Amino acid sequence: MYVVKSPLADADLKTVSEALQGALVDLVDLSLAGKQIHWNIVGPRFRSVHLQLDEVVASARTHSDTVAERASALGIPPDGRAATVASGSGIKTTPSGWIKDGDAVGAMVDALGAVIGRMRERVRATAEPDPVTQDIFIGITADLEKHHWMFQAENA
């Protein structure tokens, strides 16, 4: 059932739909991974990394809402359910229990790197079928790359 009809051709809509859904899943999982690490970090850099993790979580949540609303605007029902996120995320499982600050930073570098790699693929995939969605992905990627840089610098 189409409640909202997309202006995109069906083939283009399929490509854009897959890209938006994949981005939504990755961003929701990034926010969850960030919070899991945020709650369990220990070590001398606890406070600074703890606060830095909140910045990533806030960004991921904002971007996931932008992506979901873009999908809705194109007539694509976004799916951010836990089972969908768990089965479709490109992020490795977040460590359980207490996590030393250096390991926490490393886990976020890995998580951000995984999402960035997949976002760059989506930037390429949406260039032709929907430059509007591509523009959203470019902005998200730039923001995530900034977080990625800052976390890498934490462990330099």
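Everything below is about the structure shown above.
Small disclaimer: the values here were computed from a predicted structure and weren't measured.

Cut-offs and rules
Residues numbered from 1 in each chain as written. Predicted model: local features only at pLDDT ≥ 70, side-chain atom pairs only at ≥ 80, totals over all residues. Heavy atoms only, no water. Core = buried A, V, L, I, M, F, W, Y, C linked by side-chain atoms within 4.5 Å. Buried < 20%, exposed > 50% of the residue type's maximum accessible area, 1.4 Å probe, protein only. Helix = DSSP H or I, 4+ residues; strand = E, 2+ residues; numbered from the N terminus. Contact = heavy atoms within 4.5 Å. Axes fitted to C-alpha atoms, helices over the stretch in contact; angles between N-to-C directions. Parallel < 35°, antiparallel > 145°, perpendicular 65-115°, else oblique. Left-handed = near helix turned anticlockwise from the far one by under 90°. Nonpolar A, V, L, I, M, F, W, Y, C, P; charged D, E, K, R; others polar.

**Q** Got a minute to help me understand the nonpolar core in this structure?
**A** Soluble globular proteins: nonpolar side chains tend toward being buried together. Grouped together as the largest cluster of nonpolar side chains are 39 residues, with contacts concentrated most on Leu30, Leu144 and Phe151. Of all the secondary-structure elements, those providing two or more residues to this core are helix H1 (10–40), helix H2 (46–73), helix H4 (101–126) and helix H5 (131–154). At 11 residues, H4 tops the list of elements feeding residues into this core. Leucine 144 has contacts with Leu27, Leu30, Leu112, Val115, Ile116 and Met119, leaving out every residue within four places of it along the chain.

**Q** Is there a simple way to think about the packing of H2 against H4 in this case?
**A** Between H2 and H4, whose axes approach to 10 Å, the crossing angle comes to 20°. Considering the angle they form, H2 stands roughly parallel to H4. As for how H2 packs across H4, the hand of that crossing is left-handed. Contacts between H2 and H4 involve Phe46, Val49, Leu53 and Val56 from the first element and Asp101, Val105, Met108 and Leu112 from the second. Here the residues of the contact of H2 with H4 sort into 7 nonpolar, no polar and 1 charged.

**Q** Is there a simple way to explain the packing of H1 against H4 in this structure?
**A** A packed helix pair is summarised by two numbers, namely the angle formed by the two axes and the spacing between the axes. Interaxial distance between H1 and H4 falls to 10 Å at its minimum, and their mutual angle equals 170°. What the angle tells us is that H1 and H4 run roughly antiparallel. Two secondary-structure elements touch here, H1 through Thr15, Val16, Ala19, Gly22, Ala23, Asp26, Leu30, Gly34 and Ile37 and H4 through Ala104, Ala107, Met108, Ala111, Leu112, Val115, Arg118, Met119, Arg122, Ala125 and Thr126. When its residues are assigned to classes, the contact of H1 with H4 shows 13 nonpolar, 4 polar and 3 charged.

**Q** Got a minute to help me understand the side chain of aspartate 101 in this structure?
**A** Counting through the fold element by element, aspartate 101 comes out in helix H4. Overall, aspartate 101 belongs to the buried group, its relative accessible area being 8%. Every residue in contact with aspartate 101, bar those within four places of it in the chain, is listed here: Ile41, Val42, Gly43, Pro44, Arg45 and Phe46.

Honestly, it's all geometry; don't read function into it.
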